[in-house]
Structure formats: structure tokens, C-alpha cells
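The lines below spell out each chain.
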Amino acid sequence: MEGAALALQCCGQVPSPRSGSRATRRSCGSPSKIQCTPRGRRPRCSLGLSPGDSEKHLERLWEQGSIPLWHRKLYSSRYFGGRCRPGVLQKEARALMQGVSLVQQSMRAIEEREGRITDLRDLRRRYSDADFRGPGGLLPRRELTQGLLSLRAASVLAVEALSTWRCS
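A brief report on the enclosed structure follows. (Residues numbered from 1 in each chain as written. Predicted model: local features only at pLDDT ≥ 70, side-chain atom pairs only at ≥ 80, totals over all residues. Heavy atoms only, no water.)

Turning our attention to the overall build of the chain. For the chain, the count of helices and strands is seven helices and four strands. Across the chain, helices and strands are ordered from the amino to the carboxyl terminus as α-β-β-β-β-α-α-α-α-α-α. Counting all 168 residues of the chain, 35% fall into the buried class. Residue pairs at least 24 apart in sequence account for 56% of intrachain contacts in the chain once pairs closer than 6 positions are excluded. Per element, the accessible surface of the chain, about 10600 Å² overall, is 54% carbon and sulfur. (Helix = DSSP H or I, 4+ residues; strand = E, 2+ residues; numbered from the N terminus. Buried < 20%, exposed > 50% of the residue type's maximum accessible area, 1.4 Å probe, protein only. Contact = heavy atoms within 4.5 Å. Areas by Shrake-Rupley, 256 points an atom, 1.4 Å probe, with all protein chains shown as cover.)

Next up on the list: helix 3 (residues 69–79). Taken residue by residue, helix 3 has His71, Arg72, Tyr75 and Tyr79 as its buried positions. Seen end-on, helix 3 carries its buried residues on one side only, within an arc spanning 100 degrees. Residues Leu69 and Lys73 are exposed on helix 3 and point more than 90 degrees away from its buried face. Following helix 3 by one or two positions, Gly81 has its phi on the positive side, about 80 degrees. (Arc of directions from axis to C-beta.)

What follows deals with the environment of Trp165. Take Trp165: it is sitting in helix 7 (residues 138–167). For Trp165, the contacting residues outside a window of four places in its chain are Trp70, His71, Leu74, Leu102, Val103 and Ser106.

Closest axis-to-axis distance for the helix 5 (residues 102–126)/helix 7 pair is 8 Å, and the angle between their directions is 160 degrees. Classified by the angle between their axes, helix 5 and helix 7 sit roughly antiparallel to one another. Handedness of the crossing formed by helix 5 with helix 7: left-handed. (Axes fitted to C-alpha atoms, helices over the stretch in contact; angles between N-to-C directions. Parallel < 35°, antiparallel > 145°, perpendicular 65-115°, else oblique. Left-handed = near helix turned anticlockwise from the far one by under 90°.)

A few words now on the environment of Arg113. For Arg113, the location among the structural elements is in helix 5. Residue Arg113 is classed as partly exposed on the basis of its relative accessible area of 32%. Sequence separation between Arg113 and Val156 is 43 residues, and the spatial gap between their C-alpha atoms is 9.2 Å. Excluding anything up to four places from it in sequence, Arg113 contacts Leu151, Ala154, Ser155 and Ala158. In this structure the side chain of Arg113 is engaged in a polar contact, spanning 2.8 Å, whose partner is the side chain of Ser155. (Polar contact = N/O pair within 3.5 Å; in protein donor to acceptor, adjacent residues only side chain to side chain.)

The biggest cluster of nonpolar side chains holds 14 residues, and the ones touching the most others in it are Leu58, Trp62, Ile67, Tyr75, Phe80, Leu89 and Leu96. Apart from the residues lying within four places of it in its own chain, the contact partners of Leu58 are Tyr75, Phe80, Leu89, Glu92, Ala93 and Leu96. Within the second largest apolar cluster, five residues are counted, among which are Leu120, Leu123, Tyr127 and Leu151. (Core = buried A, V, L, I, M, F, W, Y, C linked by side-chain atoms within 4.5 Å.)

Attention now goes to the side chain of Glu55. Within the fold, Glu55 resides in helix 2 (residues 51–64). Contact partners of Glu55, with chain neighbours within four places excluded, come to Phe80, Gly81, Gly82 and Leu89.

Under the 1.5 Å per step criterion, the end-to-end length of helix 7 is 43 Å for 30 residues, consistent within 8% with the ideal 44 Å. What helix 7 keeps buried is the set Pro140, Gly147, Leu151, Ala154, Ser155, Ala158, Ala161 and Trp165. Each element contacted by the buried residues of helix 7 is listed here: helix 3, helix 5 and helix 6 (129–133). (Expected span 1.5 Å × (residues − 1).)

What follows covers the packing of aromatic side chains. Across all of its chains, the model carries six aromatic pairs by this definition. When the centroid spacing of 6.3 Å and the interplanar angle of 85 degrees are considered together, the rings of Tyr75 and Phe80 count as edge-to-face. Through a chain of ring-to-ring contacts, the aromatic side chains of Trp62, Tyr75, Tyr79 and Phe80 assemble into a single cluster. (Phe/Tyr/Trp six-rings, centres within 6.5 Å; stacked < 30°, edge-to-face > 60°.)

Under the criterion given, the structure shown has seven salt bridges. For Glu112, the salt bridge goes to Arg116, with nearest N and O atoms at 2.1 Å. With Glu112 and Arg116 both in helix 5, this residue pair falls four residues apart, about one helical turn. When its relative accessible area of 42% is taken as the criterion, Glu112 is described as partly exposed. Between Arg126 and Glu143 there is a salt bridge; the shortest N-O distance is 2.4 Å. In this pair, Arg126 is assigned in helix 5 and Glu143 in helix 7, connecting sequence segments 17 residues apart. (Salt bridge = Lys/Arg side-chain N within 4 Å of Asp/Glu carboxyl O.)

Right under this line is the structure:
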């Protein structure tokens, strides 16, 4: 999961393969005031950054997380340049590092929906029209029904995620 890897990289935590303990490492180029919570909790970073540094840190996180350009432009036009409290930028940075920002949730929901569409295309390639019509067509029809229901659910989740992102 990209978000989890991003959280580990930016928080500077490296899980130990044997003991499960964490060693710290600074790897994202941010100022050295990043601290994380003890093991067993979600990484919650306290970024002691100035607004300008917070903006640069967010830009690095966007780059590392492959956040779309349209979101970067919209977010920076709305919140950069001292137009908000510093806590807003830090909250977004924390969410990005944890992989739970609204834009990341929207991207995952869209990817999930696209996966369901791919599954339906694969189903169509596996069966001919006759396979769906014939008396033995119960299995292909059942798979098609399940695929369409799955696409419907994924579509609803994608719309909800995009709506939540848009209203934020």
C-alpha cells in the first residue's frame, strides 16, 4: 500500500523485521522536528514547521505520493500563502503521511472502481454470447451479476469519496 510506505518514509520509522520494533531514520528532507508516536499506534507526527516550510513539506509529500496536479493546484491556491492557520497544513501533511487524506481516499476509490470495470471486461473475454444464453449459462450470468453489483458498490464509494473531497 503506497500510503503505508509513505507514512513510514516520511515519519522516519523503519519496522524491524525480527522484533517489530522501530528504528528512526530521516529520509524526506524535512526539517528535523518530526516526532512519531510509540509503536502500536498510528504514526502521528508533530511537525514544528513554519508556514513556508509546511508548504514545501506538503509539496514533497504530494510528489512522493503521486498526488494529481489538479489537487495540488486547487489546494495550494486555497491554503498556501498564509491564507489559513498553520495547523491546517500540518493536518493535511499528517493525513498524507498516514495515507488517509481525502485525495488519497478518492484516488483509491477510483482505482477500485476501475478494477471492477477491468474485471467485467475480463469476464466478457472469457465467455461468448452463447455461454450467457444457453442452459449452462448459469455460471457466466452469476459472475456477471456479481461483477455488476461490485461495480455498482465501487461506483457509490467513488462518488462519496469525491463528494467528501470536493466539500472539504
